[in-house]
Amino acid sequence: MSGEELLQVSNLVKEFPIRSSGFFTKVVGQVQAVSDVSFDIGRAETLGLVGESGSGKSTTGRAVLRLHEPTAGSVMFEGREVVGLAAKEMQRLRRKMQIVFQDPYASLNPKMPVNDIVGEPLQIHESMTRQERQKRVADLLDDVGLSPEHGNRYPHEFSGGQRQRIGIARALALDPSFIVLDEPVSALDVSVQAGVVNLLKNLQTERDIAYLFIAHDLSVVRHVSDRVAVMYLGKIVEIGDRDVIYERPTHPYTTALLSAVPVPDPTIEKVRQRIVLEGDVPSPVDPPSGCRFRTRCWKAQDVCAAEEPPLIEREPGLLSACHFPMAPGEVATPVSLGSTFST
Amino acid sequence: MTAVIDPTSSGADPSVWDDVLLRVEDLSVSFPTEDGLVEAVRGVSYEVKRNEVFAIVGESGCGKSVSTMALMGLLPRSAQIDGRARYLDNDLINQPERRVRGFRGNNISMIFQDPMTSLNPVYTVGRQLAEAVLAHERIAPRKAKERAVEMLDTVGIPQARQRADSYPHEFSGGMRQRVMIAMAIINNPEIIIADEPTTALDVTVQAQILDTLLEVKEAVGAAIILITHDLGVVAGVADRVGVMYAGRFVEDGTADAVFHRPRMPYTAGLLGSVPSLTSDSGELIPIQGAPPSLIQPPDGCKFAARCPLVADVCLTSEPPLYDTDEPAHRSACHRWDVVAAESDATVLFRDAFRDDQELLVAGTDTDGSEVGA
């Protein structure tokens, strides 16, 4: 896919302190939201990052941009180390690294007209005359499928899909080579979502932008990604080429996750084998020893509690971290057609 | 059944009439606002039979939640509600609060989307469940508590007896939703209204909760009205489906018919805009535009402005739910026969989308109809 890596993330760790309650707060522990995560993204490539809530996928996206300062690890962007870079240098680099947020209602300043929202990055980073800036903003709005006349309006006058387009125009303003898309279509209705997804794909082709596409919707991720990484409790448990990971997943968690997604087809749904995992994701404050998925895994053995499985290549373009990876064609034992629960 | 209703108006087979638990006829809900009267629900009719799962699908703002809240007497006083809804022989609409309270949570119960805000944080879940029993039955509190524990066990909460003494914040999201289900079934309801019951949950937990919901439905013999925007969830659990758009049903029928042979362009458009999990779906086909404002909505079909099949008649007269070529499958489209003639109706949007792409190059916006509303 890539050959030339744009972004190389190695052993990224992000810890958040847990503070005691009361007047004199003390740090009493650490939550490892992101725990030793490594991945690469090539130019104009999309890496999809999936996982359930609390898996650390959003924190990973923000740590890469240093919106959360990483606790440890390295982020190389266009051959330069981002972690520890001086503020001034970092500001220069930010032109190339942008983000689009999930909630188009919360991420746009309600008191700014669209022209100012989209033009603000230009005002900060570029020395442009007012006219030049306005021209550029009009072009950007056009690029995202809005008309330049919309520029004088305020965010509340737009629908969710249009607001997300405004957020995308803002991210594009400085001509970035990498954008973190943090659940960019999760808040949108499906009929509108399709339009925004198409826009993102077209922009990528036209402008050679690499995406880190963070989402919990596995169907959307399959649609947009070249490669996909699956996170569970702060760790990447499986990473690989899109079609390989969706068609021949080797990690039990990926298998279960894929089987749990409802498909909009009653015929398929009635005969589909579903692996219903028991319980919830454990607390990241006190993650299970060894493999973090073992408490919900039907294949877990003693070794899973004792040793953390490393990411190992299972076939070309697919790595997973499991002591007992799924064999091709293996049927998971806790398969249920109706239910797993006993009365 | 005492009500005499023309069976042809419902599209249902008259032989299964006696099984109808709930019959909603021409229900309308409007809200007065500063900008004018919002017609949130504009004439909705459906029935729900014993033991079935009836899904109401639609996108945000289509009126799917409001229409069921009206049945439960849960709308604010300012709401103007018209039409009729009967649960067996009992009227539900515009009844005195005291009467509605007799059914609510008892014969008809509800599960909401967000289990954190629908449970009281300062009482134990056992106490809240017992309260639901005591509101409808005169039994000893100790017995009500027993029933609470039993229900927690039924919905799959381990160590139910101990967990009954826990507070809502001590439960995970999925477990809280199980508590909500326990509360919904504790009085042996005949109808459970589940409003986006799994939207706030992760997929692996969603699968558990849907399983649980179907299991308890069998256990208590209730019908479920499932309100959701997720077509995948509907496909997995619904027997019949009603698709709502701009305050009305635009298509209804069995899940199989609606998903495989949609007769309303909107349904076809929705199905075509969802990416596939199992294959590379190529370019997604969005539905252009946005739903109309429900303050003085335009004449004619409310989907006309976004519809690839729009004809003159669509702009002047709003289509009723026509019977289609299939029994018990209705569509509110003047041109449903054109949709029926396509083996894959999503194609209609594909062609329209291509045309629009060319327009887009010429500088037109894509989802722009609501700007400046």
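Residues numbered from 1 in each chain as written. Chains lettered and ligands numbered in written order. Predicted model: local features only at pLDDT ≥ 70, side-chain atom pairs only at ≥ 80, totals over all residues.

Colleague: Describe the overall build of chain A, naming the residues involved and giving the relevant values.
Modeller: Helix and strand counts for chain A stand at eleven helices and 14 strands. For 343 residues, the compact-globule formula gives about 20 Å, and the C-alpha radius of gyration of chain A, at 22 Å, lands near that figure. Here the C-alpha coordinates of chain A stretch approximately 65 × 55 × 50 Å along the principal axes. By residue count, 46% of the 343 residues in chain A fall in the buried class. In chain A, 65% of the contacts between residues at least 6 apart in sequence involve partners at least 24 apart. (Helix = DSSP H or I, 4+ residues; strand = E, 2+ residues; numbered from the N terminus. Rg over C-alpha atoms; globule rule 2.2 N^0.38 Å. Buried ≥ 20, exposed ≤ 12 C-beta atoms within 10 Å, placed from the backbone. Contact = placed C-beta atoms within 7 Å.)

Colleague: An account of the overall build of chain B is requested, with residue identities and associated values reported.
Modeller: A count of helical and extended segments in chain B gives 14 helices and twelve strands. When contacts within chain B are restricted to residue pairs at least 6 apart in sequence, those whose partners lie at least 24 apart make up 64%.

Colleague: Could you give an account of the interface of chain A and chain B, with specific residues and numbers?
Modeller: In many analyses, interface size is given as the accessible surface area lost on bringing the parts together. Each partner contributes to the interface: chain A provides 46 residues, whereas chain B provides 51 residues. For the side of chain A that touches chain B, the secondary structure elements donating two or more residues are α5 (160-172), α6 (190-207), α7 (218-224), α9 (252-260) and α10 (266-271) of chain A. Its residues assigned to classes, the side of chain A that touches chain B comprises 19 nonpolar, 17 polar and ten charged. (Nonpolar A, V, L, I, M, F, W, Y, C, P; charged D, E, K, R; others polar.)

Colleague: Lay out the pairing of strand β1 (residues 20-33) of chain B with the relevant residues and their values.
Modeller: Residues and elements named next belong to chain B. Relative to strand β2 (residues 36-49), β1 is paired through eleven bridges, and the arrangement is antiparallel. Looking at β2, one finds that S28 is bridged to R42. Summarising the sheet, β1 and strand β4 (residues 80-87) pair through seven bridges and their orientation is antiparallel. Each bridged residue has a counterpart across the sheet, and for S28 the counterpart in β4 is D82. (Pairing = 2+ DSSP bridges.)

Colleague: Give a detailed account of the sheet that holds strand β5 (residues 90-91) of chain B, specifying residues and quantitative values.
Modeller: Residue and element names in this part refer to chain B. Strand order in this open sheet of four strands is β2-β1-β4-β5, and the pairing throughout is antiparallel. Either end of the sheet is taken by a strand with one partner, and the two such strands are β2 and β5. Each of β1, β2 and β4 touches helix α1 (residues 64-71); the most contacted strand, β1, lies at about 110 degrees to it. (Axes fitted to C-alpha atoms, helices over the stretch in contact; angles between N-to-C directions.)

Colleague: I'd like a description of the environment of E52 of chain A, backed by residues and values.
Modeller: Looking at the element boundaries, E52 of chain A is found in the loop between β3 (46-50) and α1 (57-64). Residue class for E52 of chain A comes out buried when judged on the 21 C-beta atoms lying within 10 Å of it. Put simply, E52 of chain A and H216 of chain A are 164 residues apart on the chain and 6.2 Å apart in space, counted from C-alpha to C-alpha. When residues no more than four places from it in sequence are discounted, the contact partners of E52 of chain A are H216 and V281 of chain A together with D202 and T204 of chain B.

Colleague: Hey, could you go over the confidence of the model for chain B for me, with residue numbers and the actual values?
Modeller: Residue and element names in this part refer to chain B. Mean pLDDT over chain B stands at 87; residues scoring 70 or higher make up 89%. Across chain B, the element-wise mean pLDDT spans from 65 in helix α14 (residues 347-361) up to 97 in strand β9 (residues 240-245). Below pLDDT 50 for its whole length, residues 1-17 participates in 18 contacts with residues either more than four positions away or in separate chains. In the predicted structure, residues 360-373 sits below a pLDDT of 50 and forms 31 contacts with residues beyond four places in sequence or in another chain. Model confidence for the complex is summarised by a pTM of 0.87, with the ipTM given as 0.84. (pLDDT = per-residue confidence, 0-100.)

Colleague: Describe in detail helix α5 (residues 141-154) of chain B, supporting the description with residues and values.
Modeller: All names here are of chain B. Taking 1.5 Å as the rise per residue, α5 with 14 residues should run 20 Å; its terminal C-alpha atoms sit 20 Å apart, in good agreement. Among the residues of α5, those classed as buried are A144, K145, R147, A148, V149, M151, L152 and T154. The first or second residue beyond α5 is G156, which carries a positive phi of 85 degrees. (Expected span 1.5 Å × (residues − 1).)

Colleague: Please give an account of the pairing of β3 of chain A that cites residues and values.
Modeller: All names here are of chain A. Judged by how many residues are buried, β3 sits mostly within the fold: five of five residues are covered. Both faces of β3 are covered, namely the face carrying T46, G48 and V50 and the face carrying L47 and L49. For β3 and strand β9 (residues 227-232), the ladder comprises four bridges, and the chain directions are parallel. Paired with G48 across the bridge in β9 is V228.

Colleague: Pulling in residues and values, what's your account of the sheet that holds strand β7 (residues 191-195) of chain B?
Modeller: Sheet strands associate in pairs through backbone hydrogen bonding, adopting either a parallel or an antiparallel arrangement. Residue and element names in this part refer to chain B. Here eight strands make up an open sheet; going across it, the order is β6-β7-β8-β3-β9-β10-β12-β11 and the pairing mixed. Bordering the open sheet on either side are β6 (108-111) and β11 (322-323), each of which pairs with just one other strand. Where β11 and strand β12 (residues 330-331) come together, two bridges link them in antiparallel fashion. Bridge pairing links D323 to R330 in β12.

Colleague: Break down the nonpolar core for me, with residues and values.
Modeller: Core analysis: the largest hydrophobic core is formed by 202 residues, its most contacted members being L212, F213 and V230 of chain A together with A182, I225 and V243 of chain B. For this core, the element with the most residues is helix α7 (residues 173-185) of chain B, which contributes eight residues. (Core = buried A, V, L, I, M, F, W, Y, C linked by C-beta atoms within 7 Å.)

Colleague: Tell me what's going on with unusual backbone geometry, and back it up with residues and numbers.
Modeller: The phi dihedral of D208 of chain A falls on the positive side, at around 55 degrees, and the residue is not glycine. With respect to the secondary-structure elements, D208 of chain A resides in the loop between α6 and β8 (210-214). A residue is classified by how many C-beta atoms lie within 10 Å of it, and D208 of chain A, with 12 of them, is exposed. Notably, Q296 of chain B is not glycine yet its phi reads approximately 45 degrees, a positive angle. Within the secondary structure, Q296 of chain B sits in the loop between α11 (265-273) and α12 (312-316). What makes Q296 of chain B exposed here is the crowd of 12 C-beta atoms within 10 Å.

Colleague: Quick rundown of α9 of chain A? Include the residues and the values.
Modeller: Counting buried positions over the nine residues of α9 of chain A gives eight, a clear majority of the element. Buried-residue contacts for α9 of chain A involve α7, β9, β10 (235-241), α8 (242-247) and β11 (274-275) of chain A together with α8 (203-220) of chain B.

Colleague: Got a sec to walk through the packing of α5 of chain A against α6 of chain A? Specific residues and values, please.
Modeller: Residue and element names in this part refer to chain A. At their nearest, the axes of α5 and α6 sit 9 Å apart, and the two run at 15 degrees to each other. Our classification of the angle between α5 and α6 gives roughly parallel. Both α5 and α6 take part in a crossing whose hand is right-handed. Of the residues in α6, those touching α5 at G160, G161, Q164, R165, I168 and L172 are V192, G195, V196, L199 and L203. Residues of the contact of α5 with α6, tallied by class, amount to six nonpolar, four polar and one charged. (Parallel < 35°, antiparallel > 145°, perpendicular 65-115°, else oblique. Left-handed = near helix turned anticlockwise from the far one by under 90°.)

Colleague: Please give an account of the environment of G151 of chain A that cites residues and values.
Modeller: Residues and elements named next belong to chain A. Position of G151 relative to the elements: it lies in the loop between α4 (130-143) and α5. Remark: the alpha-carbon pair of G151 and M112, spanning 39 residues in sequence, is separated by 10 Å. Discounting chain neighbours no more than four positions away, the residues touching G151 are P113, V114, N115, V137, A138 and L141.

Colleague: Lay out the confidence of the model for chain A with the relevant residues and their values.
Modeller: Model confidence for chain A is summarised by a mean pLDDT of 90, while 95% of its residues fall at 70 or above. Note on residues 336-343 of chain A: pLDDT under 50 across the span, and 15 contacts to partners over four residues away in sequence or across chains.

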